[in-house]
Amino acid sequence: MASEINFISEINSKSMNWKLKVRIVRLWKNPDRDRPDSPFSIEIVLMDEKGDRIHASIGRSFIQRFKQEIKEMGLYIMNNFVVCPNNMKLKTKDHKLKLMFTHKTTVDEMHDPQFNMCIFKFRKYEQLSNPQEFDNTELFDVIGEVVSYEDVQSIKQDDNIRMYMNIQIQDYESNNISATLWGDFVEQIRPYLNGSNDKPVVVIMQLIRAHRYREQYSMRNTWHALKLLINSNLPQNGFCAWRKLTKNYSNFISQNSLCC
């Protein structure tokens, strides 16, 4: 067993014996297409104390073993993985490799109040509309205030009726970009938009992807990876705290992270 803690930047495919101290910054289940109520895999994004991240997968054979041992935002010592290329259709750009849990993988929860809590890596809006940087296979994080929205619409796909909503969000420098939310995410945000109060609606979209149509740039949610955080669920409790935190927005966004 590895005796020293490794950093994610050190991981390569020449060994399985990596010992990591990592926080799970995102966790979701991929359903089986033939059995939607049964997960095909659990997908997790791990972050070390340097802020580097890597994707890891728990296959169906090991879900029962690990599902009670891990939770989102938990901090763990993990050891022993199969290391393979990250060939997922949608992925972050943090690491070219991914980790696969096996029967030899060990997971031990720990507590360290000093460990990195800056879990987001935000993209600038102008980056998302730059043809040289556009990549519709990349998952990234954005933050902004909802400044306009359209009525909920629906479309028939196969035998299903799917709802969607278009919104415009604005960053601290008054740059706008549109996003299309589908399915459950519509129901999640609609109560905030239809409310009677005048409070700003600020969202963090964690692991969303870019979309381009006729040279128009926007964002669309992923079905399972995206996490939508709204107002009171935001780190620092919403828009006012975010503005206070980001008095110098250029420096803030260049750091590409937000501390909880």
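Model, not experiment: these values are computed from the prediction.

A. Inspection of the overall build of the chain at higher detail. Counting its regular elements, the chain contains 5 helices and 14 strands. Burial statistics for the chain: of 260 residues in total, 46% are counted as buried. Sequence-distant contacts, at least 24 apart, represent 63% of the contacts inside the chain between residues at least 6 apart. With an accessible surface of roughly 14,100 Å², the chain has 45% of that area assigned to carbon and sulfur atoms.

B. Region of interest: the pairing of strand β2 (residues 39-47). Most of β2 sits inside the fold, with 7 of its 9 residues counted as buried. Here strand β1 (residues 19-31) pairs with β2 via 8 bridges, running antiparallel. Pairing of N30 across the sheet is with S41, part of β2. Alignment of β2 against strand β3 (residues 53-59), held across 7 bridges, turns out to be antiparallel. Paired with M47 across the bridge in β3 is R53. Hairpin connection between β2 and β3: a loop of 5 residues separates the two successive antiparallel strands, and G51 in this loop has a positive phi of roughly 95 degrees.

C. Up close: the packing of aromatic side chains. Enumeration according to the criterion identifies 5 aromatic pairs in this entry. Relative to F101, the ring of F66 has its centre 5.0 Å away and its plane inclined at 85 degrees; by these criteria the two rings are edge-to-face. Pair noted here: F66 is in helix α1 (residues 60-66) and F101 is in the loop between β6 (97-100) and β7 (106-109), with a separation of 35 residues, a long-range link. Overall, the relative accessible area of 3% leaves F101 in the buried class. By way of ring pairs, the aromatic residues F66, F81 and F101 are connected into one cluster.

D. The arrangement of the pattern of salt bridges in detail. In the structure shown here, the tally under the stated rule is 12 salt bridges. K227 serves as the salt-bridge partner of E72, at 2.4 Å between the closest nitrogen and oxygen. Placement of E72 in the loop between α1 and β4 (75-79) and of K227 in strand β14 (residues 227-230) is noted, with a sequence separation of 155 residues between them. Across the pair D94 and K121 runs a salt bridge whose closest N-O atoms are separated by 3.0 Å. Here K121 lies in the loop between β7 and α2 (125-128) and D94 lies in the loop between β5 (82-85) and β6, a separation of 27 residues in the sequence.

Thresholds applied
- Residues numbered from 1 in each chain as written.
- Predicted model: local features only at pLDDT ≥ 70, side-chain atom pairs only at ≥ 80, totals over all residues.
- Heavy atoms only, no water.
- Helix = DSSP H or I, 4+ residues; strand = E, 2+ residues; numbered from the N terminus.
- Buried < 20%, exposed > 50% of the residue type's maximum accessible area, 1.4 Å probe, protein only.
- Contact = heavy atoms within 4.5 Å.
- Areas by Shrake-Rupley, 256 points an atom, 1.4 Å probe, with all protein chains shown as cover.
- Pairing = 2+ DSSP bridges.
- Phe/Tyr/Trp six-rings, centres within 6.5 Å; stacked < 30°, edge-to-face > 60°.
- Salt bridge = Lys/Arg side-chain N within 4 Å of Asp/Glu carboxyl O.

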